[in-house]
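Spelled out, the chains give:
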Amino acid sequence: MEQAEKRAAVISHETLFKPKIIAFLCNWCSYAGADLAGTSRVQYSPAVHSVRISCSSRVDPTFVIKALLMGADGVLIAGCHPGECHYKSGNLLTRRRFMMLKTLLETIGIEPERLRLEWISASEANKFARVIDDFVEQIKKLGPNLLGGGMNDSV
Ligand code: FES
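What this report covers is the structure whose coordinates are included nearby. (Residues numbered from 1 in each chain as written. Predicted model: local features only at pLDDT ≥ 70, side-chain atom pairs only at ≥ 80, totals over all residues. Heavy atoms only, no water.)

**A few points about the nonpolar core**
We apply this condition: In these notes, a set of buried Ala, Val, Leu, Ile, Met, Phe, Trp, Tyr and Cys residues joined through side-chain atoms within 4.5 Å is what counts as a nonpolar core. Burial classes: relative accessible area under 20% of the type maximum marks a residue as buried, over 50% as exposed, and values in between as partly exposed (1.4 Å probe, protein chains only). Strands here mean DSSP runs of E at least two residues long; helices mean DSSP runs of H or I at least four residues long; both are numbered from the N terminus.
The biggest cluster of nonpolar side chains holds 19 residues, and the ones touching the most others in it are I21, L25, L76, F128, I132 and I139. Broken down by element, the residue count for this core peaks at 8 residues, all from helix 5 (residues 125–142). Counting residues in hydrophobic clusters, the runner-up holds 18 residues, among them I22, V59, F98 and I110.

Pasting the structure below:
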């Protein structure tokens with residue numbers, strides 16, 4: 001069965017498709033933004049599993065590939081705004097890596113739209129929620145990641 005047919009079958013069987021998103025969040029800004037969203041009771045999709053990292057540049061490309069191959073439907077990397085990285089230029093490295101990763105994903109047959117990069121500061125709780133909800137909708141349109149091996153719900 002072709003991949004598109006497989007995906008259509010899965011989508012028709014799973015009208016209640018609930019994407020699994022892995023979000024790598026920089027401790028100094030985006031994680032704090034997510035924390036603020038929580039303490040401020042800003043609502044956003046529960047589809048996200050957050051991974052706290054010291055800087056967005058800490059996200060090795062293999063983390064992204066592995067997450068997608070293990071069944072994540074989408075991966076978000078979120079860090080400090082340009083010029084505000086606590087390690088000076090970590091987020092600039094992240095931006096270059098992100099562009100390279102998009103190309104790599106396409107090469108190995110994973111839709112590059114499954115990877116997203118955002119700059120979210122500690123005070124941007126509403127932006128965090130908006131990004132998450134928007135990304136979840138985007139992934140719902142793409143459908144399940146069929147190259148993933150299936151992520152355990154407890155992850
Ligand atoms: S410390 Fe936040 S992106 Fe580098």
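**What to know about the packing of aromatic side chains**
Keep this limit in mind: We call Phe, Tyr and Trp rings a pair once their centres come within 6.5 Å, taking the six-membered ring for Trp, and we label the pair stacked below 30 degrees between planes, edge-to-face above 60, and tilted otherwise.
As enumerated under the stated definition, the model contains 2 aromatic pairs in all. With centroids separated by 6.1 Å and ring planes inclined at 35°, the aromatic side chains of F24 and F63 adopt a geometry described as tilted. Linking F24 in strand 1 (residues 21–26) with F63 in helix 3 (residues 61–69), this pair joins segments that are 39 residues apart in sequence. Looking at F63, the relative accessible area reads 30%, which means it is partly exposed. With centroids separated by 5.1 Å and ring planes inclined at 90°, the aromatic side chains of Y44 and F128 adopt a geometry described as edge-to-face. Of this pair, Y44 sits in the loop between helix 2 (30–39) and strand 2 (48–53) while F128 sits in helix 5; the two residues are 84 residues apart in sequence, bridging distant segments of the chain. Judged by its relative accessible area of 30%, Y44 is partly exposed. The class for F128 is buried, based on a relative accessible area of 0%.

**Description of the sheet that holds strand 2**
Heads up, the condition is: A strand pair is defined by DSSP finding two or more bridges across the two strands. Note on geometry: axes are lines fitted to C-alpha atoms, helical ones only across the stretch in contact, with angles between N-to-C directions running from 0 to 180 degrees. A contact between two residues is defined here by any heavy atoms of the two lying within 4.5 Å.
Reading across the sheet, the 4 strands line up as 2-1-3-4 and stay open at both edges, with parallel pairing between neighbours. Edge positions in the open sheet fall to strand 2 and strand 4 (115–119), since each of these has one partner strand only. When strand polarity is set aside, the average angle formed by the axes of neighbouring strands in this sheet is 20°. On top of the sheet, helix 2 reaches strand 1, strand 2 and strand 3 (74–79); it is set at about 110° to strand 1, its chief contact.

**Some points on the pattern of salt bridges**
Which entries qualify depends on this criterion: In the sections that follow, a salt bridge refers to a side-chain nitrogen of Lys or Arg positioned within 4 Å of a carboxyl oxygen of Asp or Glu.
Applying the stated criterion to the full structure yields 4 salt bridges. Here R116 and E118 are joined by a salt bridge, their closest N and O atoms 2.9 Å apart. Note on R116: relative accessible area 14%, which makes it buried. Between E137 and K140 there is a salt bridge, and its shortest N-O distance comes to 3.7 Å.

**Describing the side chain of E111**
Here is the rule we go by: For this analysis, a polar contact is any N or O atom pair within 3.5 Å, provided that within protein one partner can donate a hydrogen and the other can accept it, and provided that sequence-adjacent residues contribute only side-chain to side-chain pairs.
Take E111: it is sitting in the loop between helix 4 (90–107) and strand 4. A relative accessible area of 18% places E111 in the buried class. In terms of polar contacts, E111 uses its side chain to reach the side chain of R114, at 2.7 Å.

**As for a nonpolar patch on the surface**
Let me state the cut-off plainly: The residues that make up patches have over 30% relative accessible area and no salt bridge, and they are joined within 9 Å when like-charged or within 5 Å when they are Val, Leu, Ile, Met, Phe, Trp or Tyr. Note on areas: these come from Shrake-Rupley sampling with a 1.4 Å probe, and a residue is covered only by the protein chains present in the view.
Residues M100, L104 and I108 make up a contiguous nonpolar surface patch of about 240 Å² in total accessible area. Inspection of the secondary structure assignment puts M100 in helix 4.

None of this, on its own, says anything about what the molecule does.
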